[in-house]
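Inside the fold
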Amino acid sequence: MIQTIDLLFAKTILPTASKEASHFLSQLFEQSRQGKPFLVFEHLPDEILPLAQQDRSPIVIENHRCYLRRNYELEKGLAFHLHRIASHPPVTHHLPPPSPDLYPAQRRAFEAIFSHKLVIVTGGPGCGKTYLASKIIESFPGKQIIATAPTGKAAFRLKHPKATTKTLHSLLQIKHGEDFSKQRRPIVCDLLIVDECSMIDIRLFKLLFESILPQTHILLMGDPDQLPPIQAGPIFRELCHKDSLLSINLNETKRTDVSSLKELATYFREGDAASALVLLSDPTAGVKRLDLPPSPPLIKERNSVIITPFKNGPFGTDAINELHKEIVPSPIMITQNDYKLGLMNGDMGLYQDGIATFDRPYPMALLYQYTLAFAISIHKSQGSEFDHVHLILPPSEEPYTREMVYTAATRARKTLTIYASPETLESALSPPKPLPS
């Protein structure tokens, strides 16, 4: 169905296109839907170059890459503002002594932000990115510090008395459905910390960087191996590998002491399906794989969750939560920011006897946007952690990705159970297949 729509779009752009040109354009649309801003090509169909040379053509050709024009202009705009900020000399700050409980990689990142305009800090779940940010905020001499993230839940984790904390949309004054091309007020601060950068698409990144004043010091934090943003452009991953930018990887995991969970996360991140399956078959490990049962498992232990790729269907979040609805206390998840109560989209609590308990108790009557959370989607699980994770990967027409499996599996602190066939896991961890020629 989607491939048919891609071909229809191709015919709209180039009605007289040959089969080869239509196929090329449909590949470009498919790549864009998968979050890739351009299509790398070796051979260009005859009709494509004349199309790209037309005034305001919907496609752009540059260096064996074919872009949709919107993606091309976003990438060029972001590159311009990165250069604008990087070319401005950093403000020299006195380096305070790092906190003694920072491990070596954290200490390098702490020291770097005082002498560099832009520092990128990467690392998997539980590696201490948020803790590092708190130590930097405490020590940074600038009077204006802003901490932000793409979701309210992630932004709330950065909350600190010395910093102004806002969601990215609030910081950039973006309202739902608003035109992103509107001129924004500049972001005035001495230090800007941006967390969960892997969730930020190229459109938001470009808007953010064009709003930053050149004297601002910037700390970007995230895990480039997690799910890419829903919109086009996994730009954080590209920034992490850009030679002209300083990127520091935090390499110690603090979330779990279970060696098998750390080992499995490494296999998933590297796409090593063979080693992962061997580990998952070890009965002594804290991780295991089971075949998909006829119906979803029931979970009753505290601080456990079922993570699934789907909302609908027999193994979707709706059906699984319905199956568990009589179990109390019931985990619930806030689905919309509520600034009056201080509850953020993605916050999880427990409900029982008319009371919802998060960091403190709230009468359920005060909550207006929430859902049961015995089961949550992979996207909703980002930034969360649980003692016990049950990951369900049913057969699907759309292939799972390495980032999906890695993101879900690294939510676990103590045990991980994966319900999937070996073939499903092997397919998910394999490199993406090249588009057919």
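Reference entry: report on the structure contained in this document.

Cut-off values and rules
- Residues numbered from 1 in each chain as written.
- Predicted model: local features only at pLDDT ≥ 70, side-chain atom pairs only at ≥ 80, totals over all residues.
- Heavy atoms only, no water.
- Pairing = 2+ DSSP bridges.
- Helix = DSSP H or I, 4+ residues; strand = E, 2+ residues; numbered from the N terminus.
- Axes fitted to C-alpha atoms, helices over the stretch in contact; angles between N-to-C directions.
- Contact = heavy atoms within 4.5 Å.
- Buried < 20%, exposed > 50% of the residue type's maximum accessible area, 1.4 Å probe, protein only.
- Disulfide = S-S within 2.5 Å.
- Core = buried A, V, L, I, M, F, W, Y, C linked by side-chain atoms within 4.5 Å.

Attention now moves to the sheet that holds strand 13 (residues 348–352). Each strand in a sheet pairs with its neighbour through backbone hydrogen bonds, running either in the same direction (parallel) or in the opposite one (antiparallel). Taken together, the five strands give an open sheet; going across it, the order is 15-14-13-12-16, and neighbouring strands pair in antiparallel fashion. On the outer flanks of this sheet lie strand 15 (361–363) and strand 16 (370–372), each paired with one strand and no other. Direction aside, neighbouring strands of the sheet carry axes that sit 35° apart on average. Taken together, the three bridges between strand 14 (residues 355–357) and strand 15 define a ladder with antiparallel strand orientation. For Ala 356, the partnering residue across the bridge sits in strand 15 and is Tyr 362.

This next bit is on the sheet that holds strand 6 (residues 164–167). Judged by pairing direction, the sheet is parallel, and its six strands sit side by side in the order 6-5-7-8-4-9 without closing on themselves. A single partner strand is all that each edge strand has here, and the edge strands are strand 6 and strand 9 (246–249). Recorded for the sheet is a direction-independent mean angle of 20° between the axes of neighbouring strands. Note: strand 5 (residues 145–149) against strand 6, four bridges, orientation parallel. Paired with Ala 147 across the bridge in strand 6 is Thr 165. Of the strands in this sheet, strand 4 (118–122), strand 5, strand 7 (191–194) and strand 8 (217–222) are in contact with helix 6 (residues 129–139), which crosses strand 8 at around 165°.

What follows covers the pairing of strand 11 (residues 304–308). Across the five residues that make up strand 11, a large majority, five, are buried. Residue alternation in strand 11 divides its side chains into two sets, Ser 304, Ile 306 and Thr 308 and Val 305 and Ile 307, and both sets are buried. Where strand 11 meets strand 18 (residues 386–392), four bridges bridge the pair, whose relative direction is parallel. Residue pairing in the sheet places Ile 306 in a bridge with His 390 of strand 18. In terms of strand pairing, strand 11 meets strand 17 (residues 375–377) through three bridges, oriented parallel. Bridge assignment links Ile 306 to a residue of strand 17, and that residue is Ala 375.

With that out of the way, let us pick up the state of the cysteines. Should the sulfur atoms of two cysteines be covalently bonded, the bond is a disulfide. Throughout the structure, instances matching the rule amount to zero disulfides. Here Cys 127 is not disulfide-linked; the sulfur of Cys 240 is the nearest cysteine sulfur, at 12 Å. Judged by relative accessible area, which is 1%, Cys 127 ranks as buried.

Another point: the nonpolar core. Among the nonpolar cores identified, the biggest contains 35 residues, and Leu 264, Phe 268, Ile 307, Leu 393, Leu 416, Ile 418 and Leu 425 are the most heavily contacted of them. Going through the elements one at a time, helix 11 (259–270), helix 12 (273–280), strand 11, strand 18, helix 15 (402–409), strand 19 (412–419) and helix 16 (422–429) are the ones with two or more residues in this core. If we skip the residues at most four places from it in the chain, Leu 416 touches Leu 261, Leu 264, Gly 286, Val 287, Lys 288, Val 389, Leu 391 and Ala 409. Ile 85, Leu 171, Ile 212 and Ile 218 belong to the second largest nonpolar core, which has 31 residues in total.

Everything listed here is a matter of coordinates, which is why it stays silent on function.
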